[in-house]
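Results of the structural survey
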Amino acid sequence: MRLTDTKQTLSEIRKQRLGLVAIDELEVLPAVNACIHSGHDPRLQRLVSYIVLHPKQSLSLVELSRLAGASVRTIERLFKTETGMTFRQWRSRFRLMNALVQLSEGESSTAVAYELGYKSVSSFIQAFKIQFGCTPQEYNRRQLL
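The present account deals with the structure reproduced in this document. On a predicted model such as this, the values are computed, not experimentally measured, just so you know.

1. So, the overall build of the protein
- Of regular secondary structure, the protein possesses 8 helices and 0 strands.
- When contacts within the protein are restricted to residue pairs at least 6 apart in sequence, those whose partners lie at least 24 apart make up 50%.
- Summing over all exposed atoms, the protein offers an accessible surface of approximately 9500 Å²; the carbon and sulfur share of this is 54%.

This is the structure in structure tokens:
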């Protein structure tokens with residue numbers, strides 16, 4: 001926090017020492033797996049590109065499959081073979097990864113949960129914890145180090 005606080009003026013040596021402490025602290029934090037595969041098949045890439053460009057969309061898999069130019073069964077098979085996840089798992093992970101950005105920008109867990117379509121904040125927190133191994137609050141604390 002002190003490293004990024006623009007209200008405080010720190011000497012270069014103090015910044016350097018604080019930076020080294022921050023690096024030490026980062027080394028002991030468990031990693032957050034924040035990657036998601038998009039596959040190689042052009043139909044799957046069309047669908048994934050659409051979702052990435054329209055992150056708040058909530059089209060069904062039937063509608064998305066039409067946009068991709070493939071059947072629902074083909075898209076389901078492609079998701080499983082090329083990403084290792086079902087479409088539902090992939091979309092949930094994608095939405096939760098977008099939540100990482102919102103949380104790091106200071107949005108509350110409550111606001112993010114409802115924006116993502118969760119019926120309750122506790123269900124969002126549970127899904128977040130399953131996906132990233134920590135709660136949104138723990139994630140935010142890590143970002144402040």
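2. Looking at the packing of helix H3 (residues 61–68) against helix H4 (residues 72–83)
- Look at H3 against H4: their axes get within 9 Å of each other, and the N-to-C directions meet at 90°. By the criterion of interaxial angle, the relationship of H3 to H4 is roughly perpendicular. Residues Leu 61, Val 62, Ser 65 and Ala 68 of H3 touch H4, and the partners they reach there are Val 72, Ile 75 and Glu 76.
- When grouped by side-chain class, the residues that make up the contact of H3 with H4 number 5 nonpolar, 1 polar and 1 charged.

3. Observations regarding the pattern of salt bridges
- The tally for this structure, following the rule as stated, stands at 2 salt bridges.
- Close ionic contact of Asp 41 with Arg 43 constitutes a salt bridge, the shortest N to O distance being 2.9 Å.
- A residue is classified by how much of its surface remains accessible, and Asp 41, at 14% relative accessible area, is buried.
- Its salt-bridge partner being Glu 115, residue Lys 56 comes within 2.8 Å of it at the nearest N-O pair. Of the two residues, Lys 56 is situated in the loop between helix H2 (42–53) and H3 and Glu 115 in helix H6 (residues 109–115); the sequence distance between them amounts to 59 residues.
- Judged by its relative accessible area of 39%, Glu 115 falls in the partly exposed class.

Cut-off values and rules
- Residues numbered from 1 in each chain as written.
- Predicted model: local features only at pLDDT ≥ 70, side-chain atom pairs only at ≥ 80, totals over all residues.
- Heavy atoms only, no water.
- Helix = DSSP H or I, 4+ residues; strand = E, 2+ residues; numbered from the N terminus.
- Contact = heavy atoms within 4.5 Å.
- Areas by Shrake-Rupley, 256 points an atom, 1.4 Å probe, with all protein chains shown as cover.
- Axes fitted to C-alpha atoms, helices over the stretch in contact; angles between N-to-C directions.
- Parallel < 35°, antiparallel > 145°, perpendicular 65-115°, else oblique.
- Nonpolar A, V, L, I, M, F, W, Y, C, P; charged D, E, K, R; others polar.
- Salt bridge = Lys/Arg side-chain N within 4 Å of Asp/Glu carboxyl O.
- Buried < 20%, exposed > 50% of the residue type's maximum accessible area, 1.4 Å probe, protein only.

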